Amino acid sequence: MQTSLSSTKVLVVGAGIMGAGIAQVAAQAGHSVYLVDARAGAAQQACAKLREGLDALVAKGKFTQAQVDTLMGRIQPVAGFADAADAGLVVEAIVENLDAKRALFSELEALLSDACVLASNTSSLSITAIAKGLRQPARVVGMHFFNPVPVMKLVEVVSGLQTSPGVAQAIFDLSKAWGKVPVHARSTPGFIVNRIARPFYAEALALLHEQSASPQVLDACMRAIGFRMGPCELMDLIGHDTNFAVTQAVYAANFFDKRYTPSLVQSALVDGGMLGRKSGRGIYDYAAGSKPPVVDMQALPLPATSHLQLHGRPQDAHTMADWQARLQAAGITVELVPDSAWTGMQAGNLQIRQTDGRPASALGAHVVVYDWHVPQGGAPVLAFAASSGASEDQIAQAQAVLGALGFAPQRVADQPGLVVARTLAMLVNEAADAVQQGVCDPAGADAAMKLGVNYPAGPFDWLARWGAPAVVQVLEALDVHYRGERYRVSPWLRHAVWQTHHTA
Ligand code: NAI
């Protein structure tokens, strides 16, 4: 089925938060739009609300009054489908219920032309399942927008087993014409974004469960590498009920694969009605408008040591030169070990090592490990952990050295992969599995995470930065430590490691 939707009339079904946004974006791109809702008056109300929002943007100089009048003139609230029989595209944004969506498309199939494309904005239902039983399942496709629709750039174009490639391509092209960045996805649980994002929340919840770090330290570590919000504050904002429901849906849809096991920490919050900002309390307490606490970033003394070795690999040369200069500025003489088996610093019998996934205690008695870091220019919070044999003096020494390098070190429990390395490795692992299973390609995964949930980089950007061997090392350390299915390494990543070895 080959089709172009560039000037077609669009029928948006469901005039809630998503439907209204989709109607606006379609009208903004020049389409005539019909808007319909099962609840009488809802489409008119949605139009009134849209106009109110757009008028406010006129006041801010973002639109002219004439533009708003033209745009709103293109959206026509209608009472029933008969008034929209000449539509060439339906985008449904009704209640998230499989039977309701099937019934809707089946009713529309009888009324609309055979060429009309039937798109669903579902965020969790299978496109293959929605299309079941229809006369022409090939014209059913996912067109998954993100909230708020006029702002968020990503559209996941989701193909079910029977979706025609021509229909998916037409929705892809149309999304582009609407100013969006479309990404092709296969209809699998969570599509791209809601699937790959699971470890961002799950690893933070696992660390809270084990009492490895406070929520404010977890949030500060993730903000330090460029996330706009840390996982705890973000779950509080999304609402734990919603976040937990998505996790449960992905878990169930994967036949209870342990990789996606929901967290007891979150289920307790939901059971207790501590849903986040909207209920005044979640992981943090928002009573009386209070904000989440921030980590204490006290000034550190200069390191007591006057000499240390700086270890790294040839590819770390740039960082080593920078660190050498910083340490020298702190009065420390530095001996470079540029082809070392590990990255970090040695001061006497104390090793201060960048994590390779293994806990400090697994590496030796006098070891401190520090987390992965991506310089962002913001607060350079860095998690570290100490081996059970390290003395308080050695821990203070390691903190002072990290402080001299410009970091604000925060101590966490001695678990594998600290905070950032563990979370990023799992995000990369999930993205690698998605690619392995043909859900999307690496560029699509990166674009989806950056544009759908504002990640500072995509999983394959992080993979390029650290390399498959380092990512796999962290995952294997987690797997050895915890056992079970959660940290099993994606076959795609194993191949990436072999490829690195063959091309080295
Ligand atoms: P909403 O509750 O704001 O709006 C749904 C609207 O559909 C309501 O006005 C309701 O009266 C109407 N409706 C329900 N059944 C209908 C039917 N059979 N025929 C016609 N109208 C019907 O919901 P929202 O948030 O706009 O979500 C709509 C869809 O978009 C769902 O499938 C949801 O999963 C999906 N979605 C939601 C996102 C969000 O952040 N809210 C993000 C991406 C997708």
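Residues numbered from 1 in each chain as written. Predicted model: local features only at pLDDT ≥ 70, side-chain atom pairs only at ≥ 80, totals over all residues. Heavy atoms only, no water.

**Q** Sorry, what's going on with the site of the ligand here?
**A** Among the 18 residues in the neighbourhood of the ligand, the closest are listed as Met 18, Asp 37, Glu 96, Lys 101 and Ser 123. One of the backbone nitrogen or oxygen atoms of Met 18 is found 2.9 Å away from an oxygen atom of the ligand. Here an oxygen atom of the ligand sits 3.0 Å away from a polar atom, N or O, in the side chain of Ser 123. With the chains in place, 70% of the 830 Å² that the ligand exposes on its own is no longer accessible. If you list the elements that add at least two residues to the shell around the ligand, you get α1 (17-28) and β6 (140-145). Split into classes, the residues belonging to the shell around the ligand amount to eight nonpolar, seven polar and three charged. (Near = heavy atom within 4 Å. Polar contact = N/O pair within 3.5 Å; in protein donor to acceptor, adjacent residues only side chain to side chain. Areas by Shrake-Rupley, 256 points an atom, 1.4 Å probe, with all protein chains shown as cover. Helix = DSSP H or I, 4+ residues; strand = E, 2+ residues; numbered from the N terminus. Nonpolar A, V, L, I, M, F, W, Y, C, P; charged D, E, K, R; others polar.)

**Q** Got a minute to help me understand helix α10 (residues 231-238) in this structure?
**A** Residues spaced three or four apart along an α-helix face the same direction, because each turn holds 3.6 residues. Regarding α10, the residues found buried are Pro 231, Cys 232, Glu 233, Met 235 and Asp 236. In this structure, the buried residues of α10 make contact with α8 (198-209), α9 (215-224), α11 (240-253) and α12 (264-271). Looking one or two residues past α10, Gly 239 carries a phi angle of roughly 105 degrees, positive in sign. (Buried < 20%, exposed > 50% of the residue type's maximum accessible area, 1.4 Å probe, protein only. Contact = heavy atoms within 4.5 Å.)

**Q** What's the story with unusual backbone geometry in this structure? I'm lost.
**A** Backbone phi values are negative for most residues with the exception of glycine, while trans is the configuration of most peptide bonds. That bond from Asn 147 to Pro 148 is cis: its omega, 0 degrees, falls within 30 degrees of zero. Phi at Phe 256 is positive, roughly 60 degrees, even though this residue is not glycine. Looking at the element boundaries, Phe 256 is found in the loop between α11 and α12. The exposure class of Phe 256 is partly exposed, given its relative accessible area of 49%. Even without being a glycine, Leu 418 presents a positive backbone phi close to 45 degrees.

**Q** Where do I start with helix α4 (residues 98-111) in this structure?
**A** For α4, spanning 14 residues, the distance from its first C-alpha to its last is 20 Å, which sits close to the expected 20 Å at 1.5 Å a residue. Among the residues making up α4, those that are buried are Lys 101, Leu 104, Phe 105, Leu 108 and Glu 109. Buried residues of α4, seen end-on, are gathered within an arc of 135 degrees and therefore sit on one face of the element. Pointing more than 90 degrees away from the buried face of α4 are the exposed residues Asp 99 and Ala 110. Buried residues in α4 make contact with β1 (10-13), β4 (89-92), β5 (117-120), α5 (127-131) and β6. With a side-chain oxygen lying 3.0 Å from the backbone nitrogen of Asp 99, the N-terminal cap of α4 falls on Asn 97. (Expected span 1.5 Å × (residues − 1). Arc of directions from axis to C-beta.)

**Q** Is there a simple way to explain the packing of aromatic side chains in this structure?
**A** Two aromatic rings, taken as a pair, are described by how far apart their centres are and by the angle between their planes. The full count for this structure, using the stated rule, is 13 aromatic pairs. Summarising the aromatic geometry, the rings of Phe 227 and Tyr 455 are spaced 4.9 Å apart at their centres and angled 75 degrees between planes, so their arrangement reads as edge-to-face. With Phe 227 in the loop between α9 and α10 and Tyr 455 in the loop between α17 (442-452) and α18 (459-466), this pair connects stretches of sequence that are 228 residues apart. One exposure class covers both Phe 227 and Tyr 455, and it is buried. Pairing Tyr 455 with Trp 462 gives two aromatic rings, centres 6.2 Å apart and planes at 45 degrees, and the pair type is tilted. The structure contains a cluster of three or more aromatic residues connected by ring pairs, namely Phe 200, Tyr 201, Phe 227, Tyr 455 and Trp 462. The ring centre of Trp 466 lies 5.3 Å from the NZ or CZ of Arg 465, which sits over that ring. (Phe/Tyr/Trp six-rings, centres within 6.5 Å; stacked < 30°, edge-to-face > 60°. Lys NZ or Arg CZ within 6 Å of the ring centre and 35° of its normal.)

**Q** Which parts of the structure should I look at to understand the sheet that holds strand β13 (residues 367-370)?
**A** The strands making up a sheet associate through backbone hydrogen bonding, with each pair oriented either parallel or antiparallel. Ordered by their spatial adjacency, seven strands build an open sheet running β10-β9-β11-β12-β13-β14-β15, and the pairing between neighbours is mixed. Both edges of this open sheet fall to β10 (333-337) and β15 (408-411), since each of them pairs with a single strand only. Recorded for the sheet is a direction-independent mean angle of 25 degrees between the axes of neighbouring strands. Direction of pairing for strand β11 (residues 344-347) relative to strand β12 (residues 350-354): antiparallel, over a ladder of four bridges. Residue pairing for β12: Gly 344 is matched across the bridge by Arg 353. On the sheet, helix α13 (residues 317-329) packs against β9 (307-311), β10, β11 and β13 and is oriented at approximately 160 degrees with respect to β10. (Pairing = 2+ DSSP bridges. Axes fitted to C-alpha atoms, helices over the stretch in contact; angles between N-to-C directions.)

Function cannot be read off these values alone, since they describe shape.
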